[in-house]
Amino acid sequence: MKIVRRIDELRRIAPDLPDLAFVPTMGNLHDGHLSLVRLARARARHVAASIFVNRMQFAPNEDFDSYPRSFDADCARLAAESVDLLFAPDEAVLYPEPQQCIVEPPAIAGELEGRFRPRFFHGVATVVLKLFNCVQPRIAVFGKKDYQQLHIVRAMTRQLNLALEIVAGETVREADGLAMSSRNGYLGAAQRTAAPQLHRVLQKVARGMACAQAMDELAAAGWRPDYVEVRRRSDLAAPQSGDRELVVLGAARLGSTRLIDNLEF
Ligand code: PAF
């Protein structure tokens, strides 16, 4: 696996890697990421990944500084999956000057996650566009675990006529149902035992429980829920009567760890 840190180097080796599928990450890789890498491998001749912890998508009160970084272990895992190229730029490479050209995401970016992380999707959309322009893949793979992110990246790709296909990977779960996430590592032992409850309440909503009751159940068990909402899968708008393709999305804090999850039904 070739590790590339500079954009000019990436451009120089691009002709050697035609038909490229790309998995952007912030590192601290787990089996969820590796399932996206395998999906990429199944869809294209060559696979690239990136590791870049994007300051622009963290609010000042969030965990940018403490976000888990495990570069050597990540490289070993990617190499074991036969990834051809890892793009791992420093901040000064991707943001050599203050970023003034910023992607304005669609209005849905102000709802759900956006209500609690107001500029989050500006940061995500901007870095994803920059990474696409650097790596120039034919396909990019994103996990459904970050359902709203996937929706917004798809909208950006469509509306800005980007010449690539977005492919969605299913959420990978631990045996007890907890969705895999780099932030699960923040959980203490008791919190880790409690954490699958988020998935369980989403399952209950999918079976008919009201979202308000799901929030109450989480709160009664010591969580601080931000939202549990049912939306249409196609546009993440509130469902109208007769809509059948739905998704329930939830976010809640256990102690200081904020977890998100979702379930299509
Ligand atoms: O999902 C993530 O890990 C990040 O939001 C992404 C897409 C790599 C952009 O920084």
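Let us look at the structure shown here.

Rules used in this analysis
Residues numbered from 1 in each chain as written. Predicted model: local features only at pLDDT ≥ 70, side-chain atom pairs only at ≥ 80, totals over all residues. Heavy atoms only, no water. Pairing = 2+ DSSP bridges. Helix = DSSP H or I, 4+ residues; strand = E, 2+ residues; numbered from the N terminus. Axes fitted to C-alpha atoms, helices over the stretch in contact; angles between N-to-C directions. Contact = heavy atoms within 4.5 Å. Near = heavy atom within 4 Å. Polar contact = N/O pair within 3.5 Å; in protein donor to acceptor, adjacent residues only side chain to side chain. Areas by Shrake-Rupley, 256 points an atom, 1.4 Å probe, with all protein chains shown as cover. Nonpolar A, V, L, I, M, F, W, Y, C, P; charged D, E, K, R; others polar. Buried < 20%, exposed > 50% of the residue type's maximum accessible area, 1.4 Å probe, protein only. Core = buried A, V, L, I, M, F, W, Y, C linked by side-chain atoms within 4.5 Å. Salt bridge = Lys/Arg side-chain N within 4 Å of Asp/Glu carboxyl O.

What about the sheet that holds strand β7 (residues 224-232)?
Then, number 1: Across the sheet, three strands lie side by side as β7-β8-β9; this open sheet has antiparallel pairing. Both outer strands of the open sheet, β7 and β9 (257-264), are each paired with one neighbouring strand and no more. Here the strands of the sheet are splayed against their neighbours by 10 degrees on average, with no regard to which way each runs.
Then, number 2: As paired strands, strand β8 (residues 246-254) and β9 are joined by eight bridges and run antiparallel to one another. Within β9, the position partnered with L254 by the bridge is T257.
Then, number 3: Across the sheet, helix α9 (residues 197-206) lies against β7, β8 and β9, angled at about 30 degrees from β9, the strand it touches most.
Then, number 4: Where helix α10 (residues 211-220) meets the sheet, it contacts β7 and β8, and its direction lies at approximately 155 degrees from that of β7.

Some remarks on the site of the ligand
Then, number 1: Around the ligand lies a shell formed by P24, T25, M26, N54, Q57, V127, V128, F142, D146 and Q149.
Then, number 2: Q57 has a polar side-chain atom sitting 2.7 Å from an oxygen atom of the ligand.
Then, number 3: The separation between an oxygen atom of the ligand and a polar side-chain atom of Q149 is 2.7 Å.
Then, number 4: Coverage of the ligand by the protein amounts to 89% of the 290 Å² it exposes when considered alone.
Then, number 5: Contributions of two or more residues to the shell around the ligand are made by β2 (20-25) and α6 (120-135).
Then, number 6: Partitioned by chemical class, the residues of the shell around the ligand number five nonpolar, four polar and one charged.

Brief notes about unusual backbone geometry
In most cases, non-glycine residues show a negative phi, while peptide bonds are predominantly trans.
Then, number 1: Its identity is not glycine, yet L112 carries a phi of approximately 50 degrees, on the positive side.
Then, number 2: Along the polypeptide, L112 turns up in the loop between α4 (91-94) and α5 (113-116).
Then, number 3: Even without being glycine, L236 reaches a positive phi, approximately 60 degrees.
Then, number 4: Classification of L236 by relative accessible area gives buried; the value is 0%.

Remarks on the nonpolar core
Then, number 1: If you look at the biggest cluster of nonpolar residues, it comprises 42 residues, and the most contacted ones within it are F87, L94, V128, F132, V135, F142 and I166.
Then, number 2: Put simply, the parts of the chain that give this core at least two residues each are α1 (7-13), β2, β4 (85-87), α6, β5 (139-143), α7 (147-159) and β8.
Then, number 3: Considering every element that reaches this core, the biggest residue donor is α6, with eleven residues.
Then, number 4: Every residue in contact with L94, bar those within four places of it in the chain, is listed here: F52, F87, P89, V127, K130, L131 and C134.

Section: the environment of K144
Then, number 1: Looking at the secondary structure, you find K144 in the loop between β5 and α7.
Then, number 2: Overall, the relative accessible area of 15% leaves K144 in the buried class.
Then, number 3: Separated by 16 residues in sequence, K144 and V128 place their C-alpha atoms 16 Å apart.

Thoughts on the pairing of β8
Then, number 1: Of all nine residues in β8, eight are buried, a share of seventy percent or more.
Then, number 2: Strand direction decides the pairing type here: β7 and β8, joined by eight bridges, are antiparallel. Considered in β8, the bridge of P225 is made with A252.
Then, number 3: The antiparallel hairpin formed by β8 and β9 contains two residues in its connecting segment, where G255 sits at a positive phi of about 60 degrees.

Observations concerning the pattern of salt bridges
Then, number 1: Counted according to the given criterion, the structure contains 22 salt bridges.
Then, number 2: The residue E111 makes a salt bridge to R231 at a minimum N-O spacing of 2.6 Å. Residue E111 is located in the loop between α4 and α5, and its partner R231 is located in strand β7; the two are separated by 120 residues in the primary sequence.
Then, number 3: For R231, a relative accessible area of 7% corresponds to the buried category.
Then, number 4: One salt bridge in this structure joins D261 and R173, with 2.9 Å as the shortest N-O distance. Here the residue D261 occupies a position in strand β9, and R173 occupies one in the loop between β6 (165-169) and α8 (189-194), the gap between them amounting to 88 residues.
Then, number 5: Residue D261 is classed as buried on the basis of its relative accessible area of 4%.
Then, number 6: Judged by its relative accessible area of 23%, R173 falls in the partly exposed class.
Then, number 7: One salt-bridge network, in which partners are shared between bridges, spans E111, R115, E229 and R231.

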